[in-house]
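What follows is the residue order along each chain.
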Amino acid sequence: MASGTPSPSEYVKHHITNLSYGEGLWTIHADTIVVSIALGLFFLFFFILAARRATAGVPGKLQNFVEMLVDFVDNAVKDSFHGPRQFVAPLALTIFVWVFLWNLMDIIPVDYLPLLSYKLFGLEYTRVVPSADINGPFGLSIVVFALILIYSVKGKGVGGYAKELLFHPFGKNPVLWPANLLLNVVELIAKPVSLALRLFGNLYAAEMIFILIALLPWWIQFVPGGAWAAFHILVIPLQAFIFMTLTIVYLSLAYEEH
């Protein structure tokens, strides 16, 4: 973190710059990766702890919370996905909790963790909201895209899926195959793109508002900051739920016959 008092534009630019290594396509945003891994490990630790403490008798608060969360996600999968759920339900749970934790990092005051990382490790840049970095949402959506292709072949077979791409929606006439294929490819690509951009857009905007609020005098920051944080607490689980639900719906559409 640079010494001295930065201008407002420098302050904003500093806070939206990732800790990056490499150039071009090979650029790695180390802060996004480290924070994502740390939150994933926290998620695993939390659920493993709940599983080890689980009892058939009177459940504790941790067990109650985890069971409630698992039931919530399982019911969402049952309502939308009508194929085998052995993989889809754990996937949906992982996506919901992981994206929720990503988003929750936006509640931490914008200067705290970057200042801490600078003082402890000398890191010039640190962004701690993975969903506000376009690479995080797109990385997750690419995984969902791969699963859409896998479930399309799993549900319809290679031949069935190829026929769907060529014959739907205009018909089987060979003259219409290019138009069918073009529309289906566009629709297919739009799914992961819409997933990523929806999450990124909402969290990037929220992060920017917190950064702009931090530019206000310290004695007034808590008024708009508290109001925005209260509203953002609703956005955090909502965006995680939307990402999870759309993933389930896309996999269901991929698996089912048209």
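Right above here is the structure, for reference.
Residues numbered from 1 in each chain as written. Predicted model: local features only at pLDDT ≥ 70, side-chain atom pairs only at ≥ 80, totals over all residues. Heavy atoms only, no water.

What should I look at first to understand the overall build of the chain in this one?
Along the chain, the regular secondary structure elements total eight helices and two strands. What you see in the chain, going N to C, is helices and strands ordered as α-β-β-α-α-α-α-α-α-α. For the C-alpha atoms alone, the extent of the chain along its principal axes is close to 70 × 55 × 35 Å. Out of the 258 residues in the chain, the part that is buried amounts to 38%. A fraction of 71% describes how many contacts in the chain between residues 6 or more apart in sequence connect residues 24 or more apart. Approximately 14,700 Å² of the chain is accessible, and the part contributed by carbon and sulfur atoms is 73%. Side chains of the chain give 14 positive and 16 negative charges; the mean places of these two sets differ by 8 Å. (Helix = DSSP H or I, 4+ residues; strand = E, 2+ residues; numbered from the N terminus. Buried < 20%, exposed > 50% of the residue type's maximum accessible area, 1.4 Å probe, protein only. Contact = heavy atoms within 4.5 Å. Areas by Shrake-Rupley, 256 points an atom, 1.4 Å probe, with all protein chains shown as cover. Lys, Arg positive; Asp, Glu negative; His and termini not counted. Charge placed at Lys NZ, Arg CZ, Asp CG, Glu CD.)

Whenever I open this one, unusual backbone geometry confuses me. Can you help?
Apart from glycine, the bulk of residues carry a negative phi angle, and the bulk of peptide bonds sit in the trans form. Between His168 and the following residue, Pro169, the backbone shows a cis peptide bond with an omega angle of 10°. Among the secondary structure elements, Pro169 is positioned in the loop between helix H6 (135–167) and helix H7 (177–214).

What should I look at first to understand a nonpolar patch on the surface in this one?
On the surface, Tyr21, Ile28, Ile33, Ile37, Leu41, Leu44 and Ile48 cluster together into a nonpolar patch covering about 670 Å² of accessible area. Top element by residues in the nonpolar patch is helix H2 (residues 30–53). It accounts for five residues. Here Tyr21 shows up in strand E1 (residues 20–21). The class of Tyr21 is partly exposed, set by a relative accessible area of 47%. (Patch = residues over 30% accessible without salt bridge, like charges linked within 9 Å, V, L, I, M, F, W, Y side chains within 5 Å. Salt bridge = Lys/Arg side-chain N within 4 Å of Asp/Glu carboxyl O.)

How do you make sense of the pattern of salt bridges when you look at a structure like this?
Two side chains carrying opposite charge are able to pair once their charged atoms lie near each other. Per the stated rule, a full pass over the model turns up three salt bridges. A salt bridge links Arg127 to Glu207, with the nearest nitrogen and oxygen atoms 2.4 Å apart. One end of the pair, Arg127, is in the loop between helix H5 (112–121) and H6; the other, Glu207, is in helix H7, with 80 residues separating them in the sequence. Accessibility expressed as a relative area gives 5% for Arg127, which makes it buried. Note that Lys156 is salt-bridged to Glu164, the shortest N-O span being 3.7 Å. Glu164 carries the same exposure label as Lys156, and that label is buried.

I'm lost on the environment of Phe210 in this one. Help?
Among the secondary structure elements, Phe210 is positioned in helix H7. Taking C-alpha positions, Phe210 is 7.9 Å from Trp228, a pair spaced 18 residues apart along the chain. Once residues lying within four places of it in the same chain are set aside, the contact partners of Phe210 are Asp106, Val110, Gly225, Trp228, Ala229 and His232.

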